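Here is how the chains run, residue by residue.
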Amino acid sequence: MMGKFTRKEMLWSKRAAEKFTLKRMLLRGSLIGILAGATVLAGCTSTKTTDTEISDTEEKSAETIDFSAEKYQKSITDGRVSLKDYADQYEQEIQEIQSTTYPNISFSDCFFEPFPDKAEKLNVFYTTYERLSAQECWDTIDNWLVSIGKRSEVDMDADVRTNRAVDESKEYPECYALMKDYLQDPDFEGHVFLTRKDCYVTASSHGGIFTMSEGKIGAYLHKKSWGNDMPDSNNPDRFQIGKVSELKDVSYPLISGERTIGESAEQVRTYFEAGTLLPLEKGVTIDAPEAAVFRLDENACGYEFSVRYWYEKMPFLYEHRQEANAYANVYDGYSIMYPLNDAYVVDDEGVTAFFIGDSPSDQIHVLYQDSEMVGIKQAVDIMSQKLASFLKLEVHEVGIGYARYISDLEEKTDIYYPFWKFCGVNKVKNQGLYVYVDMISGAVYYTFE
């Protein structure tokens, strides 16, 4: 039997069930079998301008892209402001909404995300991924082993496996087929992974490497189990969580060397922006806005960072360390999702492990652009008017950025919109409630815990 999944694996599985095309969903969903086995050494189970360019890397059609630039433009609310000039009035509008009494919204003890003052346009877009051949997946793992200095220690013919076939009579990882037998398969689709006691990595034919560990954490703790050595997100040894901007000068003893949280966050940024394992899409940049500190033992700690993407100087929303799982609106049949990306630093050398839910290599296809926006004061006014009568929102945090609208009712391509995200609690039912206001159109969406 498989062991218990970590919170991250369960959450990622939940997201995978709503992500991208059905084909990609099925492929990503099978990750659970691999990661759970790697974690517990268990047996196996089966497991205003528009751009309508359609990528050759993933089949799309007008029927699956449920977006009309003409209809969207007609839905845009009046009274918007210039995006380029808005940063100068953002703080003033925050003061205005905090001093205004709303019948169904309050902002006591609320954190407001800084406004991206260099953004000049907002986009509506969808993404596609680059499909890798069997040989390209193999080469990706080969190059990764070289980069961490362990290529000479690994017999790839004997150790690299795929989820394309499973023999349930065998133990993990031998129950999975050897990848060498699929290198000539022109139609290969699936996961390719290497799991050892000193390192592990998983790559997908739909986007490349999305999780890896160099094995430093397991080696330090003298772990004897196979695979995943990243700490569980629910680990009680995670004892400090906060914004990197607030913790940047804080430091803790690492496995070796010294780094402040701010210095390690910069290492995370440069690691991903270098594009060594995951080449960045044009216009995409990276930062690490939030950190958690976890204790390895009485002598050493490590840092866990949220990895956030930006597109053309506008951020994506990202999952915070301690937020509720309020992703879906079951009444109206949609979800609002954003990347789940983590990176780990345990010494002065930089990133030693990561988990990437959405690849920064995914290709971005713009459907609509605008240089005007709904400001936060206007967004709150609209939200207050449109919230259902059974909702009374106490806002704890206001986020800014792109997130993916996912229709649960039919198989449609996910569309990214720029949102104001109002994260808080519905005081009527004491449940997690997020309200999203489209920064271009003013449309309102909400999701529940």
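Note that the coordinates shown come from a computational prediction; the quantities given were computed from them, not determined experimentally.

Moving on: the overall build of the chain. Secondary structure assignment for the chain yields 11 helices and 23 strands. Relative to its 449 residues, the chain shows a buried fraction of 59%. A total accessible area of about 18,900 Å² is found for the chain, and carbon and sulfur atoms account for 46% of it.

Glancing now at the environment of Pro-289. With respect to the helices, strands and loops of the structure, Pro-289 is situated in strand β11 (residues 284-295). Residue classification places Pro-289 among the buried positions, given a relative accessible area of 10%. Linking Pro-289 and Gly-242, residues 47 residues apart in sequence, is a C-alpha distance of 8.8 Å.

Next up on the list: the confidence of the model for the chain. Mean pLDDT over the chain: 84, with 83% of residues reaching 70 or higher. Here residues 1-43 is a poorly scored stretch, pLDDT under 50, and it has 122 contacts once near neighbours within four places are set aside; other chains count.

Another aspect to go through is the packing of aromatic side chains. By the definition in use, this model includes 36 aromatic pairs. Both rings, one in Tyr-86 and one in Trp-420, keep their centres 6.3 Å apart while their planes meet at 70°; by these two values the pair is edge-to-face. In this pair, Tyr-86 sits in helix α5 (residues 83-99) while Trp-420 sits in strand β21 (residues 415-426), placing the two residues 334 residues apart along the sequence. Both residues of the pair, Tyr-86 and Trp-420, belong to the buried class. Here a set of aromatic residues connected by ring pairs shows up, and it is made of Phe-67, Tyr-72, Tyr-334, Tyr-368, Tyr-405, Tyr-417, Phe-419, Tyr-436 and Tyr-445. When the ring centre of Phe-239 is taken as origin, the NZ or CZ atom of Arg-295, which lies over that ring, is 4.5 Å away. Of note, Lys-421 hangs over the ring of Tyr-434, and the distance from its end group to the ring centre comes to 4.7 Å.

Under the definition given, this model contains 22 salt bridges. Among the salt bridges present, the one from Lys-243 reaches Glu-397, with a minimum N-O distance of 2.9 Å. Taken together, the residues span a long stretch of sequence, with Lys-243 in strand β10 (residues 238-243) and Glu-397 in strand β20 (residues 393-407) at a distance of 154 residues. When its relative accessible area of 9% is taken as the criterion, Lys-243 is described as buried.

Formed by 117 residues in total, the largest nonpolar core has its most connected members in Phe-107, Trp-420 and Phe-422. Listed in part, the 11 residues of the second largest apolar core include Ile-217, Met-230, Phe-294 and Ala-353.

Before going further, it helps to spend a moment on helix α10 (residues 261-273). With 13 residues, α10 ought to run about 18 Å at 1.5 Å a step, and its terminal C-alpha atoms sit 18 Å apart, in line with that. All of the buried residues in α10 are Ile-261, Ser-264, Ala-265, Gln-267, Val-268 and Phe-272. With its buried residues spanning 155° around the axis, α10 presents them on a single face. Against the buried residues of α10 lie α9 (244-247), β11, β12 (301-311), β16 (341-345) and β17 (351-356).

Bringing the pairing of strand β7 (residues 191-195) into the picture now. β7 sits mainly inside the fold: 5 of its 5 residues count as buried. Side chains of β7 alternate between two faces, with His-191, Phe-193 and Thr-195 and Val-192 and Leu-194 buried alike. Here strand β5 (residues 160-166) pairs with β7 via 3 bridges, running antiparallel. Note on β7: the bridge partner recorded for Val-160 is Leu-194. Counted between consecutive antiparallel strands, the loop separating β7 from strand β8 (residues 200-204) contains 4 residues.

A separate point is unusual backbone geometry. Residue Tyr-172 is joined to Pro-173 through a cis peptide bond whose omega torsion reads 0°. Its place among the elements puts Pro-173 in the loop between β5 and β6 (176-178). Phi at His-222 is positive, roughly 60°, even though this residue is not glycine. In this structure, His-222 sits in the loop between α8 (216-220) and β10. Positioned with a positive phi, Lys-313 is a non-glycine residue whose angle comes to about 70°.

A word on the environment of Asn-163. Here Asn-163 shows up in strand β5. As a C-alpha pair, Asn-163 and Gly-190 span 27 residues in sequence and 6.4 Å in three-dimensional space. From its side chain, Asn-163 meets the backbone nitrogen of His-191 in a polar contact 2.8 Å long.

Moving on to the pairing of strand β4 (residues 122-128). Judged by how many residues are buried, β4 sits mostly within the fold: 7 of 7 residues are covered. What you see with β4 is no split at all: Leu-122, Val-124, Tyr-126 and Thr-128 on one side and Asn-123, Phe-125 and Thr-127 on the other are buried throughout. Taken together, the 7 bridges between β4 and strand β18 (residues 363-370) define a ladder with antiparallel strand orientation. Looking at β18, one finds that Leu-122 is bridged to Asp-370.

Compared with the 24 Å implied by 1.5 Å per residue over 17 residues, the 24 Å span of α5 between its first and last C-alpha is a close match. At Gln-89, α5 is bent by approximately 55°, the largest bend along its length. Within α5 the residues assigned to the buried category are Leu-83, Tyr-86, Tyr-90, Glu-93, Ile-94 and Ile-97. Structurally, the start of α5 carries an N-cap: the backbone nitrogen of Lys-84 is 3.4 Å from a side-chain oxygen of Ser-82.

This part is about the environment of Ser-106. Looking at where Ser-106 falls in the secondary structure, it is placed in strand β2 (residues 105-106). The class of Ser-106 is partly exposed, set by a relative accessible area of 30%. With residues up to four places along the chain from it excluded, the contact list for Ser-106 reads Leu-393, Glu-394 and Val-395.

How each quantity is defined
- Residues numbered from 1 in each chain as written.
- Predicted model: local features only at pLDDT ≥ 70, side-chain atom pairs only at ≥ 80, totals over all residues.
- Heavy atoms only, no water.
- Helix = DSSP H or I, 4+ residues; strand = E, 2+ residues; numbered from the N terminus.
- Buried < 20%, exposed > 50% of the residue type's maximum accessible area, 1.4 Å probe, protein only.
- Areas by Shrake-Rupley, 256 points an atom, 1.4 Å probe, with all protein chains shown as cover.
- pLDDT = per-residue confidence, 0-100.
- Contact = heavy atoms within 4.5 Å.
- Phe/Tyr/Trp six-rings, centres within 6.5 Å; stacked < 30°, edge-to-face > 60°.
- Lys NZ or Arg CZ within 6 Å of the ring centre and 35° of its normal.
- Salt bridge = Lys/Arg side-chain N within 4 Å of Asp/Glu carboxyl O.
- Core = buried A, V, L, I, M, F, W, Y, C linked by side-chain atoms within 4.5 Å.
- Expected span 1.5 Å × (residues − 1).
- Arc of directions from axis to C-beta.
- Pairing = 2+ DSSP bridges.
- Polar contact = N/O pair within 3.5 Å; in protein donor to acceptor, adjacent residues only side chain to side chain.
- Bend = angle between axes of the 7 residues up to and from the residue.

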